[in-house]
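Structural overview for review
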Amino acid sequence: MSGAQEKNNRVKLAVSRSVADLRRIVAGWRAAGDTVALVPTMGALHEGHLALVGAARAQCHRVAVTIFVNPTQFDDRADLARYPSDIGRDTRLLSEAGADLLFIPAQEEMYPPGFATAVTVSGLTACLCGATRPSHFDGVSTIVSKLLCQAAPDAAFFGEKDYQQLLVVRRAARDLDIPVRIESVATARDADGLALSSRNANLSREDRARAPALYRILCELARALASGGPAKSILEQGRRMLEDAGFARIDYLELRDGETLAALDRARPPARLFAAAWLGSTRLIDNISVA
Ligand code: PAF
């Protein structure tokens, strides 16, 4: 066990609701010579979030987790209204996972009256989720930039399930000279392959049974793409497979460069396959590397 992990085993989860309090606690850690990790979340925690906390603990002495359901990244009010939340359960899970601090600000703390600033990352946000959710990434890059400025961590941890988000956040931090390492953690999956997501809780029993087809089909397509086949015909076939598996609407199924997100007509490193598709009123996203 690393020194950082040992230290974390001895601490109790503190809860902070104001930026001033967050800064005071982080300043205390810094004064003691500790390094600091930040794990931004919107709550409704699952094993994927806990894997982020685990990775953060392995790299830093102190781990702060944020829970803030950020309204500016929802382009659909109904999606925001039904976003799952269970703060009591989240607090217990974070305590057990060895986090040191839960920052859980109110809406007015993050967006005080008169708030008028946004962080926009161009290019990377034009495709995939950005094409169907135009304001989503401005909301993400704005709130994550704020959290990074508030907590001033050494490293911040994001899951590869939201791969485009990871690239956008990394670009924003780099372009704004925010002195932080943006670390990525592999997608956590259920035993049947479904990528863990807080939104999975909204799936009906029937749709939950259909959902693992998304990952299964991505894996099948990735194998065909890796053996050199043309993306156009393989992806057309993939769309039919998704429809046959019960996905009512497909927002995208695309092969792209895993660093620039440029569209690819054949797989070449670092190619990645991305999909977003709907089961009932739940939108699932997933992505895998095409080796
Ligand atoms: O991935 C999420 O949960 C959110 O987009 C994030 C990074 C916490 C920003 O609100």
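A few points on the structure.

**Things to note about the sheet that holds strand 2 (residues 36–41)**
Taking strand neighbours across the sheet as the criterion, the six strands line up as 1-4-3-2-5-6 in an open arrangement whose pairing is parallel. Of all strands in the sheet, those bounded by a partner on one side alone are strand 1 (14–16) and strand 6 (181–185). The mean angle between the axes of side-by-side strands here comes to 25 degrees, regardless of whether they run parallel or antiparallel. The sheet strands contacting helix 3 (residues 47–59) are strand 2, strand 3 (62–67), strand 5 (155–159) and strand 6, and the helix crosses strand 5 at an angle near 150 degrees. Where helix 9 (residues 163–175) meets the sheet, it contacts strand 5 and strand 6, and its direction lies at approximately 170 degrees from that of strand 6.

**What about the layout of surface pockets?**
Taken as a whole, the second largest pocket encloses approximately 160 Å³ of empty space. Lining the second largest pocket are 13 residues, and of these His46, Ser197, Ser198, Asn200 and Ala201 sit closest to its centre. Each residue belonging to the lining of the second largest pocket can be placed in one class, and the counts come to six nonpolar, four polar and three charged.

**Some words on the site of the ligand**
Taken together, Pro40, Thr41, Met42, Asn70, Gln73, Ile143, Val144, Phe158 and Gln165 make up the full set of residues near the ligand. Taking Gln73, its side chain carries an N or O atom lying 2.6 Å from an oxygen atom of the ligand. Taking Gln165, its side chain carries an N or O atom lying 2.7 Å from an oxygen atom of the ligand. Here the ligand has 290 Å² of accessible area as a free molecule, and 89% of this is covered by the chains. Of the residues contributing to the shell around the ligand, the split by class is five nonpolar, four polar and no charged.

**Some words on the packing of aromatic side chains**
In total, this model carries four aromatic pairs according to the counting rule given. On the basis of an interplanar angle of 45 degrees and a centroid distance of 6.2 Å, the ring pair of Phe68 and Tyr111 is categorised as tilted. Placement of the pair is Phe68 in the loop between strand 3 and helix 4 (77–81) and Tyr111 in the loop between helix 6 (107–110) and helix 7 (129–132), with a sequence separation of 43 residues. Look at Phe68 and you get buried, because its relative accessible area is 7%. Overall, Tyr111 belongs to the buried group, its relative accessible area being 14%. Three or more aromatic residues joined by ring pairs form one cluster here, namely Phe68, Tyr111 and Phe115. The ring centre of Tyr215 lies 3.6 Å from the NZ or CZ of Arg189, which sits over that ring.

**Regarding the packing of helix 3 against helix 5 (residues 87–97)**
Interaxial distance between helix 3 and helix 5 falls to 10 Å at its minimum, and their mutual angle equals 30 degrees. In terms of orientation, helix 3 and helix 5 fall into the roughly parallel class. Between helix 3 and helix 5 lies a crossing of right-handed hand. For the pair helix 3 and helix 5, the contacting residues are Leu50, Val53 and Arg57 in the first and Leu93, Leu94 and Ala97 in the second.

**Observations regarding the pattern of salt bridges**
Under the defined criterion, the tally for this structure stands at 18 salt bridges. With its nearest N and O atoms 2.6 Å apart, the salt bridge here joins Asp21 to Arg24. Taken together, the residues span about one helical turn, with Asp21 and Arg24 both in helix 2 (residues 19–31) at a distance of three residues. Between Asp154 and Arg30 there is a salt bridge; the shortest N-O distance is 2.9 Å.

Quick notes on the rules
Residues numbered from 1 in each chain as written. Predicted model: local features only at pLDDT ≥ 70, side-chain atom pairs only at ≥ 80, totals over all residues. Heavy atoms only, no water. Pairing = 2+ DSSP bridges. Helix = DSSP H or I, 4+ residues; strand = E, 2+ residues; numbered from the N terminus. Axes fitted to C-alpha atoms, helices over the stretch in contact; angles between N-to-C directions. Contact = heavy atoms within 4.5 Å. 1 Å grid on protein atoms, 1.4 Å probe; cavity = no way out; pocket = protein on both sides within 12 Å on 5 of 7 lines; lining within 4 Å. Points joined across faces, edges and corners; volume = space filled by probe spheres on them. Nonpolar A, V, L, I, M, F, W, Y, C, P; charged D, E, K, R; others polar. Near = heavy atom within 4 Å. Polar contact = N/O pair within 3.5 Å; in protein donor to acceptor, adjacent residues only side chain to side chain. Areas by Shrake-Rupley, 256 points an atom, 1.4 Å probe, with all protein chains shown as cover. Phe/Tyr/Trp six-rings, centres within 6.5 Å; stacked < 30°, edge-to-face > 60°. Buried < 20%, exposed > 50% of the residue type's maximum accessible area, 1.4 Å probe, protein only. Lys NZ or Arg CZ within 6 Å of the ring centre and 35° of its normal. Parallel < 35°, antiparallel > 145°, perpendicular 65-115°, else oblique. Left-handed = near helix turned anticlockwise from the far one by under 90°. Salt bridge = Lys/Arg side-chain N within 4 Å of Asp/Glu carboxyl O.

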